[in-house]
Every structure is written in C-alpha cells, then in structure tokens.
Amino acid sequence: MTEHAVLGRYAFFGEKILPLAEAKVSITAHAFNYGTAVFEGIRGYHAGGEIYLFRLAEHYRRMEQSASLLRIKLPLPVKELCELTKELVRRNGFQQDVYVRPIAFKSSPTIKLCLNKLEDEFALYVIPLGDYVATDRGLAVCTSSWRRTNDTAIPARAKITGSYVNSALAASEADENGFDEAILLNEDGHVSEGSGMNLFLLRRGRLITTPVTANILEGITRETVIEIAAKELGLETQEREIDRSELYFADEIFFCGTGAQIASVGSVDRKQIGDGGIGPVTSRLQKIYQKITHGQDPNYYHWLSPVYSSQTVEAGNQETGVRIER
Ligand code: PMP
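Heads up: these notes are all about the structure in this document. (Residues numbered from 1 in each chain as written. Predicted model: local features only at pLDDT ≥ 70, side-chain atom pairs only at ≥ 80, totals over all residues. Heavy atoms only, no water.)

1. Details of the pattern of salt bridges
Here comes step 1: In this structure the tally under the stated criterion is 14 salt bridges.
Here comes step 2: D269 serves as the salt-bridge partner of R244, at 3.1 Å between the closest nitrogen and oxygen. Placement of the pair is R244 in helix 7 (residues 244-248) and D269 in the loop between strand 15 (261-268) and strand 16 (271-272), with a sequence separation of 25 residues.
Here comes step 3: The class of D269 is buried, set by a relative accessible area of 16%.
Here comes step 4: A single salt-bridge network, built from bridges that share partners, covers D151, R157 and E218. (Salt bridge = Lys/Arg side-chain N within 4 Å of Asp/Glu carboxyl O. Helix = DSSP H or I, 4+ residues; strand = E, 2+ residues; numbered from the N terminus. Buried < 20%, exposed > 50% of the residue type's maximum accessible area, 1.4 Å probe, protein only.)

2. What about a nonpolar patch on the surface?
Here comes step 1: Taken together, the side chains of Y34, I111 and L113 present a nonpolar region at the surface, about 350 Å² in accessible area.
Here comes step 2: Its relative accessible area of 34% is what places Y34 among the partly exposed residues. (Patch = residues over 30% accessible without salt bridge, like charges linked within 9 Å, V, L, I, M, F, W, Y side chains within 5 Å. Areas by Shrake-Rupley, 256 points an atom, 1.4 Å probe, with all protein chains shown as cover.)

3. Focus: a negative patch on the surface
Here comes step 1: On the surface, E187, D188, E241 and D243 cluster together into a negatively charged patch.
Here comes step 2: Counting through the fold element by element, E241 comes out in the loop between strand 13 (237-239) and helix 7. (Lys, Arg positive; Asp, Glu negative; His and termini not counted. Charge placed at Lys NZ, Arg CZ, Asp CG, Glu CD.)

4. Description of the packing of aromatic side chains
Here comes step 1: One pass over the structure, following the stated rule, counts 6 aromatic pairs.
Here comes step 2: Here the aromatic rings of Y300 and W303 are separated by 4.9 Å at their centres, their planes lie at 35 degrees, and the arrangement is tilted. Of the two residues, Y300 and W303, neither departs from the other in class, the shared state being buried.
Here comes step 3: Among the aromatic side chains, those forming a connected cluster through ring pairs are F54, Y289, Y300 and W303.
Here comes step 4: Against the face of F179 rests R270, its NZ or CZ located 4.2 Å from the ring centre.
Here comes step 5: The ring of Y248 has K271 lying over it, and the distance from NZ or CZ to the ring centre is 4.7 Å. (Phe/Tyr/Trp six-rings, centres within 6.5 Å; stacked < 30°, edge-to-face > 60°. Lys NZ or Arg CZ within 6 Å of the ring centre and 35° of its normal.)

5. As for the pairing of strand 2 (residues 16-19)
Here comes step 1: For strand 1 (residues 10-13) and strand 2, the ladder comprises 4 bridges, and the chain directions are antiparallel. Its bridge partner being in strand 2, F12 is matched across the sheet by I17.
Here comes step 2: Linkage of strand 1 to strand 2, two consecutive antiparallel strands, is achieved through a turn of 2 residues, within which G14 is found at a positive phi near 60 degrees. (Pairing = 2+ DSSP bridges.)

See below:
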C-alpha cells in the first residue's frame, strides 16, 4: 500500500478539501524552518457503523489558545472547525478508528524570526489509528535524562510543534534503552508527564496527578479521567507535585492521552509497579473510557460528535452546539 492510501484520501488545505497528495508546504515556510505551528490530535472511534469524534470542541478550544501564543489566527470559529472536521472524516469514508490532525502554522517564506505580520495557514488530515502504545499490558517506562521544557522557555500547555523535539528526544532515548515510554521530570526534579501523555498514580487508595503548573499539556483525557473517576468510581483526584520516588512506591500508574488512551505502566526504571500488569483501578477506568468513547453510555453523549448519521439523539451535544446525530 502506498503511504497516501494509508493516510486517507482527502485533506483540508488552502481553504478547501482536496486530495491529500496535493496538500504540500514549501520548504521556505516559517513553520518548517522554526517549528512555529500548533496542532491537535483528536480520536474518532468506530462503533456500529458510526465514527464518534471525542471531545471535538474542547480540542479546538485548546488549539485556539495554543494559536494565540504563536500569534496565529485560526480560519474559522470553533463550531465551524468542528463541522469541517466531521465533513472531512465523512469524505474519507473510513470504517475504522481514526485520528484527526489539525495543524495551524506560519507559512510565510521568511528567515526572520518575529511572528508578527506573518501569513497563517491551516490544514487538517485524517489517518486510521489503532493503539498508540499498548493498552493490554503494563508498559516498561523509564524516567528520562531529558528535562521537560519549562514554561519560561516554551510553554508545554500550548501544543506547539517545535516543543515536541523535547518529547521526541525522551521517547527516542527510552526506545534505545529498551523501554516503551519515558516520563519526563521538570528541572526541579518533580514529575511532569510522558512524552505525549499525562500521568496518574494510585497510592494508598488515592488517585494523584501532576498539577497544571508542572509543565504539562493540560490534557483533555486527563480532565476526562478526573471526571469519570469521581462520578463512576467515587475517587477524587489530588492534583499535586509528584516526586520521582513516589513513582516507585505507587500501587498503580497509568498514562492517559488522546493517542495513549488509558495505558497501564507496569514498571518504572525496571522497578515493578503492582503486579506489573494492569491494576484494578486502571482496568476499571479503561473499561469505562472504552464504553464512553464508543457511544455506549448515554450520560456522556455530550462528549461525542458522530460523523456519519442523520438522526438526532435526545441529549444533543451542548459542548459543540451541534445536535448529536446517529
Ligand atoms: N501531554 C502531551 C505532551 C501530549 O502530547 C498529549 C497528547 N495530546 C497529552 C499530554 C494528552 O493530552 P490529550 O489528553 O488532550 O490528548
């Protein structure tokens, strides 16, 4: 199969939907030279012939924030970006789980660094995507020798392409040393997050995650986990700094993110966590998350944007202002 067949047939680029192969960026583009783009990753889950995009509007709201830091203006308001995304996924016609990648970038052909007065571009593409990391076993994870980029350098709460060099270095080092993933520490030695995912641990019955001031991306799955742990398991999450050594003594650890979903950590720096597999709380959260994302829990329909269907579901989607259609 050619790469383009794998990547889907249509993209949105240059203000229109066009064959993916025609969506090309110049080597002179500011973003290509300096990493001045912002992006999102959105999952679409295939169930019963439908594809449900998960928390679509929240992703675009975060993208607006990231874009404002880089002085990028998105071409459409959030509601219309949601509609456009649904249309593009529909046009690609996938009957499997997908991942949607919107990216907004500085396209001007200039070697000057200043972001002001540069042209902006926006593109959107869809790819099929299964697991990003294994979710059916405990991952072997290391703490990285690389430190997380600080808010004073490149804020991690903005999803900026250039800052993913930090994540890429950590993920590559982990891979070369035989690990599945990396946990990055901040300069002060406290835990930040994984290379492309947030982190939770369970210790003495308490669910704990790093605070939004720990140079993390403020994950939408993180928010989701905090909410479903409280509502479905009666478990409140403590948001506080986490020491590296607390990782070693945790009863359970899991990563969460759009790509990672909910993925158990079986060991950290070769020290086993729990029985090294998937802990009971992690396992319950995985099942709840799976149900919600696949349109099987009416209490959470408001998080889903179905792309194919045409009949309206009672609850509607208050987040996007778009009626849920099936
Ligand atoms: N941290 C980083 C660095 C990420 O790239 C991601 C993936 N977007 C996350 C956390 C998880 O964020 P979300 O749950 O919004 O996908």
